[in-house]
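Chains, contacts and geometry: an overview
One letter stands for each residue in the lines below.
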Amino acid sequence: MRQARIPYAGVLYSSEVSVTTATVSPQPAIAGAAERHAVAGQPLAAVTGAEIQAPLISGGHVRYANLDYGASAPALSVVSAYLNEILPYYASVHRGAGYASQISTSVYENARTIVRDFVGGRPDDSVIFTRNTTDSLNLLAGCLPQTGGRPDGDVLYLDIEHHANLLPWQGVPHRSIVAADTITGTLDAVRAELEQGGVSLLAVTGASNVTGEILPIRALAALVHRYGARIVVDAAQLAPHRRINIAADGVDYLAFSGHKLYAPFGAGVLVGRPDWLDRGVPHLAGGGAVKEARLDGVSWATGPARHEGGSPNVLGAATLARATQVIAQLDQGRWHAHESAIRSFLVEGLQTIDGVTVHQIFKDSNPETDTIGVVNFSVEGYDAGLVAAYLSAEHGVGLRDGRFCAHPLLKRLGLPSGSLRASFGVGSRLEDAERLLAGIRALRSNGLGWDYVVDAGRWVPANDFRTYPHWAPNTPGTAGAAPCTDD
Ligand SMILES: Cc1ncc(COP(=O)(O)O)c(C=O)c1O
């Protein structure tokens, strides 16, 4: 059968045509290789699925190298064991007098305290369980203060945000700022906007989901407070990588997701000052959100219940809380050393490969201290989606390609058609990064080892006869376009 060959940007991608002739430069010895292996040769914590085998397009299997933690991290083994432990006691919360119901209620309500402690919350901070970070930020958007029916001010956000921290604010009065190419310049730009007056809230990411660079949260909080505004931090990426103390840092609201924090069971959270939240529009009108409902009116509850109408995700909240306990117990020095060793190994390795560019937003961010386990890069001459498909099919490496739900940033970085993102965490090991580097080196020196076609907007191997496990529908190509890749 003739294989389809899909031209992309005038280049033929095929196993028989190497699009690059560049030779790979010799690898310099990576300084401190022994130390790196000592701190990052093994996972820092056990996660489920760490040894799953990925089928290769050429036949055989390899251990799946999961470099897509930034999208959804695998469950901590402790967390999945805990889920099995509490599952028999799972029952409806709040309303049941039965034994299992009381246990479930206690687990659910206690999860709030655990999460509040994890983020260093103030004693009176509300802890509201949601579906995810997106849900949390949408919830807050419905709680912005008003006087006489008019919003008290604008929401300010940077152009580097994930859509979850950009689109909810477009439905309320807002102003956007183009981040400078330095952190210092970005702080100046935020200050300049605050000086104009009329800002009620700064919505900012704790760490970029595109490049992993960390924003100076404490400095931003101090700045906005000087102008009488508040700050919400989108900690979807930060929380799985850094200790957070919202009271010490002056953060008013914090949002993050369980599925990025090793608890992929469908819960997210919003933590923060109760006053706006207690007066805001109930996020999910329904059972449990009211003090009293009438046929033609309602008295809404205050506290988390106001926004948690309907039956809550008890197991999601419980596992999210359990994951925070495990993460809180990590030795901070070892945690950072582990992640930083993998990151520097990967960045240094990529930088030695001809035609590979590593991307960052800020010139003055320190990769050792100010960047989480995320590396963004592109390979000259290859569409990012094709490289991702190749790494998966020929090397068993999983990473993310596309525009990462951050279209304005990708456009500004000169990557309108996307790039590649490797992301890792406590279950990762140096070998995952080695596998990625080996794949990119092989691509640069030998080209693709298979033919690839575009199917439903995604690059996929042509004639892919690999099968899924027996319990998964074996319908290759149904993955469709990755979210946020289309225009
Ligand atoms: C920085 C950032 N914010 C928000 C989100 C949205 O998270 P969720 O999909 O869990 O709502 C993501 C997800 O990738 C993210 O990386």
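In what follows, the accompanying structure is described. In this text, all values refer to a predicted model and were calculated from it rather than measured experimentally. (Residues numbered from 1 in each chain as written. Predicted model: local features only at pLDDT ≥ 70, side-chain atom pairs only at ≥ 80, totals over all residues.)

As for the site of the ligand
The test is simple: Placing a C-beta atom from the backbone of each residue, we mark the residue near a molecule or strand if the atom is within 6 Å of it. Three classes are used, and their members are as follows: Ala, Val, Leu, Ile, Met, Phe, Trp, Tyr, Cys and Pro are nonpolar, Asp, Glu, Lys and Arg are charged, and the others, Gly among them, are polar.
In the vicinity of the ligand there are 14 residues, among which Asn132, Thr134, Asn209, Ala236 and Ser257 approach most closely. Class assignment for the residues of the shell around the ligand results in 2 nonpolar, 11 polar and 1 charged.

A look at the nonpolar core
Stated precisely, the cut-off is as follows: The nonpolar core is taken to be a set of buried Ala, Val, Leu, Ile, Met, Phe, Trp, Tyr and Cys residues joined by way of C-beta atoms within 7 Å. Whether a residue is buried, exposed or partly exposed is read from the other C-beta atoms within 10 Å of its own C-beta, which are placed from the backbone; 20 or more gives buried, 12 or fewer gives exposed, and intermediate counts give partly exposed. For every domain, the bounds stem from an assignment made automatically or drawn from a database. It is the C-beta atoms, placed from the backbone, that decide contacts: two residues are in contact if theirs lie within 7 Å.
In terms of nonpolar packing, the biggest core is built from 128 residues, with Leu202, Leu254, Val269, Leu320, Val387 and Leu436 touching the most fellow members. Three or more residues apiece are contributed to this core by two domains, here domain 1 (7-67 + 331-461) and domain 2 (78-329). In contact with Leu254, other than residues within four places in its own chain, are Val119, Val233, Ala235, Ile244, Ile246, Val271 and Gly272.

Regarding the sheet that holds strand β18 (residues 374-379)
Going by this rule: Any two strands are treated as partners once DSSP identifies two or more bridges connecting them. Where helices and strands are cited, they refer to DSSP runs of H or I of at least four residues and of E of at least two residues respectively, numbered from the N terminus. Orientation is described by lines fitted to C-alpha atoms, with helices fitted over the stretch in contact, and by angles between N-to-C directions that extend from 0 to 180 degrees.
Read across the open sheet, the 4 strands follow the order β17-β18-β21-β20; overall the sheet is antiparallel. Strand pairing shows two members of the sheet lacking a second neighbour, β17 (356-359) and β20 (400-402), which therefore form its edges. Strand after strand, the sheet turns through a mean of 30° between neighbouring axes, direction not considered. Where β17 lies against β18, 4 bridges are found, and the strand directions are antiparallel. By the bridge assignment for β18, Val356 is matched with Val379. Against the sheet, helix α11 (residues 384-395) contacts β18, β20 and β21 (419-423), and its axis sits at roughly 160° relative to β20.

Side note on the pairing of strand β22 (residues 452-455)
Relative to strand β23 (residues 458-461), β22 is paired through 4 bridges, and the arrangement is antiparallel. Within β23, the position partnered with Val454 by the bridge is Trp459.

A short note on the sheet that holds strand β11 (residues 199-205)
Taken in spatial order, the 7 strands make up an open sheet running β6-β14-β13-β12-β11-β9-β10, and their pairing is mixed. Of all strands in the sheet, those bounded by a partner on one side alone are β6 (126-130) and β10 (174-177). For this sheet, the mean inter-axis angle between neighbouring strands, taken without regard to orientation, is 20°. Sheet analysis places β11 next to strand β12 (residues 230-234), joined by 5 bridges and oriented parallel. Of the residues in β12, the one forming a bridge with Leu202 is Ile231. Sheet strands in contact with helix α4 (residues 133-141) are β6, β12, β13 (253-257) and β14 (268-272), and its direction is about 40° off that of β14. The strands that helix α5 (residues 183-195) touches are β9 (154-158), β10 and β11; relative to β10, the one it contacts most, it runs at about 150°.

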